[in-house]
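Given next are the chains, with one letter for each unit.
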Amino acid sequence: MRFFDRALVNGRSIRVRSTEETDGDFAIGDADHQLNARRRLVVDRPWVWLTQVHGDVCVDVDAVGLEGACGAPADSLITRRTDLALSIQTADCIPIALWSLDGVIAAVHAGWRGLEAGVIETTTRSMRAQTSAALHAFIGPSIGPECYEFGAEDFERLEARFGSAIRGTTSDGRSALDVRAGVISELLRNHVVIDVDDDACTACAGGFFSHRARADIARHATVIWIEES
Ligand SMILES: [Zn+2]
């Protein structure tokens, strides 16, 4: 499991955890009914989760409540509540945790479709509606360009939007997409400070589930919450 802790103002702190293969399957609806037990091992409090759809919708948990947020078709969650954990499931896509020092937190699921749809911008806009403090980001493990061959048809559009850094090369010399570079570009364009950029590749680093490399249906969880201590 990846760990990241950071002090906020008023004695609070944020905790970010990003699970690995040995932590088990965090896919929604996992068949062996051990999901809640695995979640409790990461953090024992209610988890907010989404039915991820590669779109741009950010769900404000404080507006819709825990019941309204869980399972909503969206790719981003935001809250000020200190009694919940916000979670995202991935296996190659990019999990992003965001926070402000005064305690607005968010969790974002970003593949290239969500990135292009603008999920990072809708999330940072929602956060800025609630705080004027600087926003910070944790970027979790995802598939690297060396393992992500990508067809040419979408490239020009994505490059025009996110810059030439999204053009990568696979380990065997084919055209590849560097989604992480696009995510970084979009975070910086939205004036987010990137505190952690974990560039471990879910396809080839070992110890991760990979949808693309191994057709894994299991998912990692990336979770952010606030500790009051
Ligand atoms: Zn790789």
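Rules of the game
- Residues numbered from 1 in each chain as written.
- Predicted model: local features only at pLDDT ≥ 70, side-chain atom pairs only at ≥ 80, totals over all residues.
- Heavy atoms only, no water.
- 1 Å grid on protein atoms, 1.4 Å probe; cavity = no way out; pocket = protein on both sides within 12 Å on 5 of 7 lines; lining within 4 Å.
- Points joined across faces, edges and corners; volume = space filled by probe spheres on them.
- Helix = DSSP H or I, 4+ residues; strand = E, 2+ residues; numbered from the N terminus.
- Nonpolar A, V, L, I, M, F, W, Y, C, P; charged D, E, K, R; others polar.
- Buried < 20%, exposed > 50% of the residue type's maximum accessible area, 1.4 Å probe, protein only.
- Arc of directions from axis to C-beta.
- Contact = heavy atoms within 4.5 Å.
- Pairing = 2+ DSSP bridges.
- Salt bridge = Lys/Arg side-chain N within 4 Å of Asp/Glu carboxyl O.

Chemist: When you look at the layout of surface pockets in this model, what are you seeing that I'm missing?
Modeler: Any space left empty among the atoms is revealed by the rolling of a water-sized probe across them. Its volume calculated, the largest pocket comes out at about 520 Å³. In this structure, the largest pocket is lined by 27 residues; those nearest its centre are His-54, Ala-91, Cys-93, His-109 and His-211. Listing elements by their share of the lining of the largest pocket, those giving two or more residues are β6 (85–90), β8 (105–110), α3 (112–117) and α7 (211–214). Classifying every residue of the lining of the largest pocket gives 13 nonpolar, nine polar and five charged.

Chemist: How do you make sense of helix α1 (residues 35–42) when you look at a structure like this?
Modeler: Of the positions making up α1, those classed as buried are Leu-35, Arg-38, Arg-39 and Val-42. On an axial view of α1, the arc spanned by its buried residues comes to 100°, and they lie on one face. For α1, the elements touching its buried residues are β2 (13–18), β3 (47–48) and β13 (220–227).

Chemist: Can you walk me through the environment of Arg-12 in this structure?
Modeler: Secondary-structure assignment places Arg-12 in the loop between β1 (2–7) and β2. In sequence terms Arg-12 and Gln-52 are 40 residues apart; their C-alpha atoms lie 29 Å from each other. If near-sequence neighbours (up to four positions away) are discounted, Arg-12 is found in contact with Ala-7, Thr-82, Ile-226, Glu-227, Glu-228 and Ser-229.

Chemist: How do you make sense of the sheet that holds β2 when you look at a structure like this?
Modeler: Whenever strands of a sheet pair, they do so through backbone hydrogen bonds, lying parallel or antiparallel. Strand order in the open sheet made by the five strands is β1-β2-β13-β6-β3, with mixed pairing throughout. Both outer strands of the open sheet, β1 and β3, are each paired with one neighbouring strand and no more. Sheet analysis places β2 next to β13, joined by six bridges and oriented antiparallel. Note that in β13 the partner of Arg-15 across the bridge is Trp-225.

Chemist: Hey, could you run me through the pattern of salt bridges in this one?
Modeler: It is possible for side chains bearing opposite charge to pair when their charged atoms get close. Taken as a whole and assessed by the stated rule, the structure comprises 18 salt bridges. When the shortest N-O distance is used, the salt bridge between Arg-2 and Asp-198 registers 2.6 Å. Of the two residues, Arg-2 sits in strand β1 while Asp-198 sits in the loop between β12 (192–197) and α7, which places them 196 residues apart along the sequence. Judged by its relative accessible area of 13%, Asp-198 is buried. Measuring nitrogen to oxygen at the nearest pair gives 2.9 Å for the salt bridge that ties Arg-125 to Glu-121. Of this pair, Arg-125 and Glu-121 both sit in helix α4 (residues 119–128), separated by four residues, roughly a single helical turn. Taking the relative accessible area as the measure of exposure, Glu-121 reaches 26% and is therefore partly exposed. Salt bridges linked by common partners bring Glu-121, Arg-125, Glu-186 and Arg-189 together as one network.

In short, the description is geometric, and any link to function would need to be established separately.
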